[in-house]
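Chain residues, written in single-letter form:
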Amino acid sequence: MGLMDGLKDFGVGGLAGLSGNVGDALTLWGASEDLMSTNIGLTDEEKNKHGERSNNLAISSGAVGLLNNALGLVDTCTDKETSGVSKGFGVAEGLLGLFYGGTNIAGGAAGKASNKGLQKAMGITGGVINILGGTAGAVKSIRKIKKRRRSKV
């Protein structure tokens, strides 16, 4: 099996999952940098470095999130096993994910511009969007599992 065969088997869904893991890692790293920027034992210069790094990671995470959700949408729309309501929830999950990536980018940019109010608003908005997208994804997955169980009986 060559590299191209392996990539073909891995598929768009695999790439979406992999990019999602990269995005999550960037988000966690950014959160740790954000925490470090509030550490009272650091100088203001050190706090600013951590804050700048946190903003850059938020922008990077958002960009990876856009890629991840675009790939997820392609995977959902081309998946022959997913149909009807499940496909609708999958599309909703992908679209909400695109908005979530956009809020990460906007929040990071607001942080770089020292607009803390907008940065916090984007964080809250992104969190709500992420919860809605996760709920849509869970419903899609549950419906897909139920469909598989029915087809085995």
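Conventions used here
Residues numbered from 1 in each chain as written. Predicted model: local features only at pLDDT ≥ 70, side-chain atom pairs only at ≥ 80, totals over all residues. Heavy atoms only, no water. Helix = DSSP H or I, 4+ residues; strand = E, 2+ residues; numbered from the N terminus. Contact = heavy atoms within 4.5 Å. Areas by Shrake-Rupley, 256 points an atom, 1.4 Å probe, with all protein chains shown as cover. Lys, Arg positive; Asp, Glu negative; His and termini not counted. Charge placed at Lys NZ, Arg CZ, Asp CG, Glu CD. Axes fitted to C-alpha atoms, helices over the stretch in contact; angles between N-to-C directions. Parallel < 35°, antiparallel > 145°, perpendicular 65-115°, else oblique. Left-handed = near helix turned anticlockwise from the far one by under 90°. Nonpolar A, V, L, I, M, F, W, Y, C, P; charged D, E, K, R; others polar. pLDDT = per-residue confidence, 0-100. Expected span 1.5 Å × (residues − 1). Salt bridge = Lys/Arg side-chain N within 4 Å of Asp/Glu carboxyl O. Buried < 20%, exposed > 50% of the residue type's maximum accessible area, 1.4 Å probe, protein only.

Trainee: Before we move on, can you summarise the overall build of the protein with the specific residues and values?
Mentor: The secondary structure content of the protein amounts to four helices and zero strands. When the helices and strands of the protein are placed in sequence order, the string is α-α-α-α. Oriented by its inertia axes, the alpha-carbon framework of the protein measures out at about 65 × 40 × 25 Å. Within the protein, contacts between residues at least 6 apart in sequence are counted, and of these 71% link residues at least 24 apart. A total accessible area of about 9500 Å² is found for the protein, and carbon and sulfur atoms account for 65% of it. Averaging the locations of the 18 positively and 13 negatively charged side chains of the protein gives two centres separated by 12 Å.

Trainee: Go over the packing of helix H2 (residues 44-78) against helix H3 (residues 84-112) with me, naming the residues and quoting the values.
Mentor: At their nearest, the axes of H2 and H3 sit 8 Å apart, and the two run at 165 degrees to each other. Looking at the two axes, H2 sits roughly antiparallel to H3. Of the two elements, H2 crosses H3, and the hand of that crossing is left-handed. By residue class, the composition of the contact of H2 with H3 is twelve nonpolar, 15 polar and four charged.

Trainee: Let's hear about the environment of Gly133: which residues, and what values?
Mentor: For Gly133, the location among the structural elements is in helix H4 (residues 116-152). Remark: the alpha-carbon pair of Gly133 and Leu98, spanning 35 residues in sequence, is separated by 9.6 Å. Setting aside residues up to four positions removed in sequence, Gly133 forms contacts with Glu93 and Leu96.

Trainee: Account for the confidence of the model for the protein, with residues named and values stated.
Mentor: When pLDDT is low, close inspection of the predicted coordinates is not appropriate. Confidence in the prediction of the protein, expressed as mean pLDDT, is 83, and 93% of residues score 70 or more. Across the protein, the element-wise mean pLDDT spans from 77 in helix H1 (residues 3-36) up to 89 in H2.

Trainee: How would you explain H3 if you had to name every residue and give the values?
Mentor: When the terminal C-alpha atoms of H3 are compared, their 43 Å separation across 29 residues agrees well with the 42 Å that a helix rising 1.5 Å per residue should span. Buried residues in H3 make contact with H2 and H4. Two residues or fewer past H3, Ser114 is found with a positive phi of approximately 60 degrees.

Trainee: Can you break down the pattern of salt bridges residue by residue, with the values?
Mentor: Scanning all chains against the criterion turns up four salt bridges. The salt bridge involving Glu45 is made with Lys49; its shortest N-O contact spans 4.0 Å. Of the two residues, Glu45 and Lys49 are both situated in helix H2; the distance of four residues between them amounts to about one turn of the helix. Lys49 gets classed as partly exposed once you look at its relative accessible area, which sits at 48%. Ionic pairing is found between Glu52 and Lys112, a salt bridge with its closest N-O pair at 2.4 Å. Here the residue Glu52 occupies a position in helix H2, and Lys112 occupies one in helix H3, the gap between them amounting to 60 residues.

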